[in-house]
Amino acid sequence: MKLGSTLKKIRKQQHLSQKEVSEGICAQSMLSAVENDQYVPNAALLIKLCKRLSISLDRFSLADNFDISSAAKFNQIVETLCNQHEYLKLKTFLLDPSTANQVETAAQTQAYYYYLGVAQFQADQNLDAAQANFRLSISSAEEKGRLSTLTRLGLISLAVIKAKYRQQVSTDKLVKQSLDGIKTATYEENLNILFYLSAFIAYEFQKNTLLLAALTKQLTLLPNIIPTICWQIVTA
């Protein structure tokens, strides 16, 4: 499920109108465009909308999912459970030996551990297992030099966990690693999640000056690559 569709679904679940959600944040027409996936909100706008709806940025699903198996049915189950935010079921599915046995290649292994980390992050109170599986996902990467989108997502996911533990130095390091070379990266829609989580982390640290400076430096000229992101972090 795309970002806008997710916002729309949650708004309706809370029985709120577009006017109620957008009031004091943006024009109702802009919220309508976001919900219909006609406009990708910048980080500042998305954070404000999430605050209004009492949701966390880590609830959003990937635009394009990664394969954990050569068997389409296993990939479809992962996609469905992620889109429905059924993380406990996703965790159970991934830990089933019959699922694990379907994982064959290095790319599938990296995706498997990433999804397991996501499921544990959402379903478990203790984040140690999620942290370990994100690290396994990153270490499974085969790319040389330039980071893949999946590796970047693993790094930023680790950064979110470190932020929750209030480990600012580690968080800053992981954010920088996830954005390394981003200005020359080929655009993929899944990178939107990377930028939103970076902004969310900065917001969680009360817009710490040093962290924001690092993010701004990394994202300079990004609009030339990803014009719809319009990277901004302003006071929420």
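Here we summarise the structure given alongside this text. All of these numbers come straight from a predicted model, not from anything done at the bench.

1. Examining unusual backbone geometry
Note on backbone geometry: most residues besides glycine have negative phi, and most peptide bonds are trans.
Right, on to step 1. In this structure, aspartate 37 is a non-glycine residue whose phi angle is positive, near 55 degrees.
Right, on to step 2. By secondary structure assignment, the location of aspartate 37 is in the loop between helix 3 (28–35) and helix 4 (43–53).
Right, on to step 3. Here aspartate 37 falls in the partly exposed class, since its relative accessible area comes to 36%.
Right, on to step 4. Of note, histidine 85 is a non-glycine position whose phi angle comes to about 55 degrees, a positive value.
Right, on to step 5. Of the residues examined, histidine 85 reaches a relative accessible area of 16% and is grouped as buried.

2. Some points on the packing of helix 8 (residues 106–123) against helix 9 (residues 128–139)
Right, on to step 1. Interhelical geometry of helix 8 versus helix 9 gives an angle of 160 degrees and a closest axis separation of 8 Å. As summarised for this structure, helix 8 and helix 9 are arranged roughly antiparallel, according to the angle between their axes. Of the two possible hands of crossing, helix 8 and helix 9 adopt the one that is left-handed. In contact with Gln110, Tyr113, Tyr114, Leu116, Gly117, Val118, Gln120 and Phe121 of helix 8, helix 9 contributes Ala129, Ala130, Asn133, Phe134, Leu136 and Ser137.
Right, on to step 2. Taken together, the residues that form the contact of helix 8 with helix 9 break down as 9 nonpolar, 5 polar and no charged.

3. A short note on helix 12 (residues 191–204)
Right, on to step 1. End to end, helix 12 covers 20 Å across 14 residues, agreeing with the expected 20 Å (1.5 Å per residue, within 8%).
Right, on to step 2. For helix 12, the tally of buried residues reaches 12 of 14 residues, placing the bulk of the element in the interior.
Right, on to step 3. Considered for burial, the residues of helix 12 that qualify are Leu191, Asn192, Ile193, Leu194, Phe195, Tyr196, Leu197, Ser198, Ala199, Phe200, Ile201 and Ala202.

Calculation criteria
Residues numbered from 1 in each chain as written. Predicted model: local features only at pLDDT ≥ 70, side-chain atom pairs only at ≥ 80, totals over all residues. Heavy atoms only, no water. Helix = DSSP H or I, 4+ residues; strand = E, 2+ residues; numbered from the N terminus. Buried < 20%, exposed > 50% of the residue type's maximum accessible area, 1.4 Å probe, protein only. Axes fitted to C-alpha atoms, helices over the stretch in contact; angles between N-to-C directions. Parallel < 35°, antiparallel > 145°, perpendicular 65-115°, else oblique. Left-handed = near helix turned anticlockwise from the far one by under 90°. Contact = heavy atoms within 4.5 Å. Nonpolar A, V, L, I, M, F, W, Y, C, P; charged D, E, K, R; others polar. Expected span 1.5 Å × (residues − 1).

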